[in-house]
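Each chain is listed here by its residues.
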Amino acid sequence: MTTAPLRTETDDYTTVRTTVGAYRISAPLVRVSGDERISLLDQFLAKSGEFVEPDTVREALALNADGTPFAILLHFEIGDDAWLLPRTAVTADELRGYLEQLDVPEDVTVEVEPEGWGASAFEGPTAWSVAARFVDFDISGLTLHAVTESALADEPAALAHLARVGTTGEYGYLLLSNAPEAAHRAVLSAVAEEGGAPVGTEGLVRVQAEAGMAVYAAGFAGLTVNEADLSWMVDWNRIGEFHGSDDLVQPSAGTARLTALAAPAESRFAAGAEVTAAGAAVGTVLWQAPSANPEEELVLALLDAPFGVPGLELAGADEQGAERPLRTVTLPRVIARSLTTRIS
């Protein structure tokens, strides 16, 4: 009997970058039902849902009472329900506690982890060919951030919704269903037939970091909205209208900012390591992405102004105390193959 070789994070990284990788989503789903559901969402999402179209999905930021980031959430509008799915790490209990502090309209029902529902995702430059197996129309017609009804061949009575949304900068799709096990089996089967594979966390996290979405894995690290470079997710014309917004401060050029830096391959930096320019401290390492891309290491640091701009040569001490070069870089760091792969 032949045993399949164990996959590494580099294998998973390559899969997402070149074909299609599938993974289960473990974050807790929330279903919000009722005609006044948007008025509830507007109490805590940093961008209004007033003009959100049916059968669409968007990404939204929710704040703590003190104005710090609580979570980044996907907001789906599907039929008579809104669905929320965290992109950043948050538990079901934390979500319950957060939502319980809101003024829920009488006709609105909020369910955290509704029984029987789950989600799977698949991403990569050939992910569209997998998505095509779940719809009865030309998959190129499913535009970015659109949601459509889907079907599971093995569970014809199941409800399923396919959304074109991802985390990696490659083509990405998410399948939401009330038969999550059957849905995931169908995704894995289709992915295998298209030359892809299931992928683990490390390789996926590296691609997300290169796409500018490191916060999904690294969290907010105690940073403010501006320090975490999330100001673009706030509707600054609605200050005072949503939870935590009273304490927000308009972004300025003098704010320290989360910045990506490239380092030589096999360099390892501990969180808290000092970043220097000509020997002077200019920032602090917050997180290093998994080493799944053999070409270089990717480091995230909070850098003082004006050092949070690309192209600067800096330095930092690695885990062994040796000084290593660091260079500020732009994100996305890698040109996604999906940019040159046509959906057909």
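Note: the structure precedes this text.
Residues numbered from 1 in each chain as written. Predicted model: local features only at pLDDT ≥ 70, side-chain atom pairs only at ≥ 80, totals over all residues. Heavy atoms only, no water.

Brief notes about the overall build of the chain
For step 1, the next point in the chain: When helices and strands are tallied, the chain shows 7 helices and 17 strands.
For step 2, the next point in the chain: Rg of the C-alpha trace for the chain: 21 Å, near the compact-globule value of 20 Å for 344 residues, within the 12% margin.
For step 3, the next point in the chain: For the C-alpha atoms alone, the extent of the chain along its principal axes is close to 65 × 60 × 35 Å.
For step 4, the next point in the chain: Counting every position in the chain, which comprises 344 residues, the buried fraction comes to 52%. (Helix = DSSP H or I, 4+ residues; strand = E, 2+ residues; numbered from the N terminus. Rg over C-alpha atoms; globule rule 2.2 N^0.38 Å. Buried < 20%, exposed > 50% of the residue type's maximum accessible area, 1.4 Å probe, protein only.)

Some details on the packing of aromatic side chains
For step 1, the next point in the chain: Tallying each qualifying case throughout the model produces 5 aromatic pairs.
For step 2, the next point in the chain: Taken together, the ring pairs connect F44, F70 and Y98 into an aromatic cluster. (Phe/Tyr/Trp six-rings, centres within 6.5 Å; stacked < 30°, edge-to-face > 60°.)

Brief notes about the sheet that holds strand β12 (residues 257–263)
For step 1, the next point in the chain: Pairing is antiparallel around the closed barrel formed by 6 strands, whose spatial order is β12-β15-β14-β13-β16-β17. Here the average twist between neighbouring strands, direction ignored, is 45°.
For step 2, the next point in the chain: One ladder, built from 5 bridges, connects strand β16 (residues 313–317) with strand β17 (residues 323–328); its direction is antiparallel. Note on β17: the bridge partner recorded for G316 is R324.
For step 3, the next point in the chain: Along the sheet face, helix α6 (residues 201–210) touches β14 (280–288) and β15 (297–303) and points at about 55° away from the line of β15. (Pairing = 2+ DSSP bridges. Axes fitted to C-alpha atoms, helices over the stretch in contact; angles between N-to-C directions. Contact = heavy atoms within 4.5 Å.)

Some points on helix α3 (residues 92–100)
For step 1, the next point in the chain: For α3, every residue scored as buried is listed here: A92, L95, Y98 and L99. Mapping the buried residues of α3 onto a view down its axis gives an arc of 125°, with all of them on the same face. Every exposed residue of α3 that faces more than 90 degrees away from the buried side is listed here: D93 and E100.
For step 2, the next point in the chain: Its buried side turned inward, α3 meets β2 (30–33), β3 (56–63), β4 (69–78), β5 (81–86) and β6 (109–112). (Arc of directions from axis to C-beta.)

What about unusual backbone geometry?
For step 1, the next point in the chain: Residues A305 and P306 are joined by a peptide bond in cis, for which omega reads 5°.
For step 2, the next point in the chain: Within the fold, P306 resides in the loop between β15 and β16.
For step 3, the next point in the chain: With an omega of 5°, the peptide bond running from L331 to P332 counts as cis.
For step 4, the next point in the chain: Positioned with a positive phi, D55 is a non-glycine residue whose angle comes to about 55°.
For step 5, the next point in the chain: Secondary-structure assignment places D55 in the loop between α2 (37–41) and β3.
For step 6, the next point in the chain: You can call D55 partly exposed: its relative accessible area is 38%.
For step 7, the next point in the chain: Residue A278 is not a glycine yet carries a positive backbone phi of 55°.
For step 8, the next point in the chain: Examined against the element boundaries, A278 turns out to sit in the loop between β13 (274–277) and β14.
For step 9, the next point in the chain: Relative accessible area serves as the criterion here: at 92%, A278 is assigned to the exposed category.

With respect to the environment of G116
For step 1, the next point in the chain: One can find G116 in the loop between β6 and β7 (118–123).
For step 2, the next point in the chain: Accessibility expressed as a relative area gives 38% for G116, which makes it partly exposed.
For step 3, the next point in the chain: It is 7.3 Å that separates the C-alpha atoms of G116 and P180, two residues lying 64 residues apart in sequence.
For step 4, the next point in the chain: When near neighbours in sequence (up to four residues on either side) are disregarded, G116 contacts S177, N178, A179 and P180.

Points about the packing of helix α1 (residues 9–18) against α6
For step 1, the next point in the chain: Running from N to C, α1 and α6 point in directions that differ by 50°, and their axes come no closer than 7 Å. Judged by the inter-axis angle, α1 sits oblique to α6. Judged by the twist between their axes, the crossing of α1 over α6 is right-handed. Facing E9, D12, Y13, V16 and R17 of α1, the residues of α6 in contact are E202, G203, R206, V207 and E210.
For step 2, the next point in the chain: Residues of the contact of α1 with α6, tallied by class, amount to 3 nonpolar, 1 polar and 6 charged. (Parallel < 35°, antiparallel > 145°, perpendicular 65-115°, else oblique. Left-handed = near helix turned anticlockwise from the far one by under 90°. Nonpolar A, V, L, I, M, F, W, Y, C, P; charged D, E, K, R; others polar.)

Focus: α1
For step 1, the next point in the chain: Three or more residues of α1 are buried, namely D12, Y13, T15, V16 and R17.
For step 2, the next point in the chain: Elements in contact with the buried residues of α1: β1 (21–25), β7, β11 (197–198) and α6.

Focus on the pairing of β16
As a general feature of sheets, a regular strand has side chains that alternate between the two faces.
For step 1, the next point in the chain: Examined bridge by bridge, β13 and β16 share 2 bridges and lie antiparallel to one another. Bridge assignment links T276 to a residue of β16, and that residue is A315.
For step 2, the next point in the chain: Hairpin remark: β16 followed by β17, antiparallel, with 5 residues in the connecting loop; positive phi at G321, about 90°.

Overview of the sheet that holds β6
For step 1, the next point in the chain: Strand order in the open sheet formed by 5 strands is β3-β4-β5-β2-β6, with antiparallel pairing between adjacent strands. Bordering the open sheet on either side are β3 and β6, each of which pairs with just one other strand. If you compare each strand with its neighbour and ignore which way they point, the axes differ by 25° on average.
For step 2, the next point in the chain: Where β3 meets β4, 8 bridges bridge the pair, whose relative direction is antiparallel. Counterpart to L63 in the pairing with β4 is P69.
For step 3, the next point in the chain: Of the strands in this sheet, β2, β3, β4, β5 and β6 are in contact with α3, which crosses β6 at around 160°.

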